[in-house]
Amino acid sequence: MGVSRLDVFYRRLLLTKLFIGGWGKPEDLKRIFEFRKVIGDREKCKTLVPNDYPVYIDKIEEHPDCHIHNGYFISPLENLVPGILPPEAVKARFQFIVPKKWQKNRPVCIHLAGTGDHFFWRRRTLMARPMIKEAGMASVLLENPYYGYRKPKDQLRSSLKNVSDLFVMGGALILESTVLLRWLEREGYWPLGMTGISMGGYMASLAVTNWPKPIPLIPCLSWSTASSVFTTGVLSKAVNWTELEKQYAINSVYETEIIKLLEYCGADSFKMAQELVKNSAGPVESLEHLLGFSRDHSVSVEQYSKIRGEVDTGRGLLIGRGSGRPSSRDIVDQFISSINSNGTNLDTLPRRLHEKETLQDGKTVDSGKCCRPSLHRESISFMKGVMDECTHMANFSVPVDPSLIIVVQAKEDAYIPRAGVLSLQEIWPGCEVRYLSGGHISAYLFKQSVFRQAIYDAFNRFCLKYPNLQ
């Protein structure tokens, strides 16, 4: 089975870059990683969100098939890690789509937003309204931080400015989902479940790891970690590696302090396969070229797994360490600019500069230390490490009952590489995985009914197994 050509083509149509601001403030990363150690343990989180956490409904809309309740609450993350959220994201907004007539019980599914899913129209039209018609099921649509009403003023469309923004989003959504689940319980709705597509599936999975009761979970087009998405998937080509490499080279805190906060998370941890890292050549494009792959054609599973596995479990696992850092940002800017203009890769570039470079102010800097050939590889490794820290499901508690989880995945998904990373079946024994033909984009466009059926099946499974758990 090959990689979807549609996925690759669609990604090329999008010209915006991810993480143009870089990694994020080192102090913010430290606070996020310390908080991850708390929120990754369900037992430590039982009292983080009170049962009576205030939720407000400020508008109710009447429609022929449903009532739409518009509500909001203050994100608990603002209280627990003050100042980590941008001001625009502190107020969490949601829509509650309620059928006018229930068919059986009063089931509610919380939908978290995928990449680019601003406001509520897309989820309401493609999922919530059909679910009312087909199953009499209500939906809660939560607005992600950094999206829609919660988007910072300096953010361009859906492109998160910093790597740390993704981790802040995840931490906020875990807590905000708990607020909504507790609120729905207080209001007497049952059964309750969670779903999401693509990034929304990741976030829903993270949220369910924190919920202390059995709950249906239906993550669609997502997998066990986001690290492969940004290091080997087609989205890796949209990452602003130039800025990330520059910041990694200039600021030693990333490899001297932040790395120490990253924890081992399983067989595909970035701390393993050191020899493979040393022997690996360059980025994914270089491996594809060497093996004779064309970007415009599908690649067999065996070939693709070889590439992705080497990159993900090898080159992305070891953090190379340099002995020094430059004293001037100018030399790094000039060096990287010259490399990019010539189409040269940092990994394969020899040290062209003299061992000592004289700056305009008369000072000298050891250029070999700031322009080390492994800089691109080190940045990819650091990206894998921080992504695994905050998104790898093995770093979080196992959901109370994995048999209530139905994962829907696309066989030819080029956005969510599965090679070289732990599978969800290994992390959550007993969960079910359903595979669709095609890639990420085609599944999103044409398989919404399959996603909804998986939701109904998971809820029915819950009702049969826990008829008295209300």
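All values derive from a computational prediction rather than experimental measurement. Throughout, a residue's number is its position along its own chain's written sequence, starting from 1. Local features in a predicted model are, by the rule used here, given only for residues with pLDDT of at least 70; side-chain atom pairs are given and counted only at 80 or more, and totals for whole chains, interfaces and linings are based on all residues. Only heavy atoms go into the side-chain values, all of them from the structure, while hydrogens and water stay out.

This next bit is on the nonpolar core. Only buried residues count toward a nonpolar core, which is a set of Ala, Val, Leu, Ile, Met, Phe, Trp, Tyr and Cys residues joined through side-chain atoms within 4.5 Å. Burial classes: relative accessible area under 20% of the type maximum marks a residue as buried, over 50% as exposed, and values in between as partly exposed (1.4 Å probe, protein chains only). Residues Trp23, Phe33, Phe96, Phe167, Met194 and Phe230 are the most contacted members of the largest nonpolar core, which totals 101 residues. Of the residues forming this core, the biggest block, 14 residues, is contributed by helix H5 (residues 163-186). Contacts were defined at the residue level, with two residues in contact if any of their heavy atoms lie within 4.5 Å. Setting aside residues up to four positions removed in sequence, Phe96 forms contacts with His67, Ile68, His69, Val108, Ala138, Ser139, Val140, Trp183, Leu184 and Tyr189. Counting 19 residues, the second-largest nonpolar core is a separate cluster that includes Met127, Met137, Leu221 and Ala443. The way it works is that DSSP assigns letters per residue, a run of H or I at least four long becomes a helix, a run of E at least two long becomes a strand, and they are numbered from the N terminus.

Attention now goes to the pairing of strand E1 (residues 56-62). Pairing analysis gives six bridges linking E1 to strand E2 (residues 66-74), with the strands arranged antiparallel. Paired with Glu61 across the two strands is Ile68, which belongs to E2. When DSSP locates at least two bridges between a pair of strands, those strands are taken to pair.

So, about unusual backbone geometry. Cis geometry marks the peptide bond from Trp190 to Pro191, where omega comes out at -10 degrees. By the secondary structure assignment, Pro191 is in the loop between H5 and strand E6 (192-197). Unusually for a residue other than glycine, Asn105 sits at a positive phi of about 55 degrees. Mapping Asn105 onto the fold places it in the loop between strand E3 (91-99) and strand E4 (108-112). Its relative accessible area of 34% is what places Asn105 among the partly exposed residues. Look at Ser198: it is not a glycine, yet its phi comes out positive at around 60 degrees. One can find Ser198 in the loop between E6 and helix H6 (199-209). Residue class for Ser198 comes out buried when judged on its relative accessible area of 14%.

For the rest of this paragraph, the subject is the pattern of salt bridges. Put simply, a salt bridge is a Lys or Arg side-chain nitrogen that is within 4 Å of an Asp or Glu carboxyl oxygen. Applying the stated criterion across every chain, the model contains 20 salt bridges. Between Glu432 and Arg434 there is a salt bridge, with the nearest N and O atoms lying 2.7 Å from each other. Overall, Arg434 belongs to the partly exposed group, its relative accessible area being 24%. Through salt bridges that share partners, Glu432, Arg434, Asp457 and Arg461 make up one connected network.

Looking now at the packing of H5 against helix H15 (residues 375-391). Lines fitted to C-alpha atoms define the axes, with helix axes restricted to the stretch in contact, and inter-axis angles between N-to-C directions lie between 0 and 180 degrees. Running from amino to carboxyl end, H5 crosses H15 at an angle of 10 degrees, the nearest separation of the two axes being 10 Å. In this view, H5 runs roughly parallel relative to H15, as classed from their interaxial angle. On H15, the residues touching Val163, Leu166 and Phe167 of H5 are Met383, Val386, Met387, Cys390 and Thr391. In terms of residue class, the contact of H5 with H15 is made up of seven nonpolar, one polar and no charged. Convention used here: angles under 35 degrees read as roughly parallel, angles over 145 as roughly antiparallel, angles from 65 to 115 as roughly perpendicular, and any remaining angle as oblique. Classification used: nonpolar for Ala, Val, Leu, Ile, Met, Phe, Trp, Tyr, Cys and Pro, charged for Asp, Glu, Lys and Arg, polar for all others including Gly.

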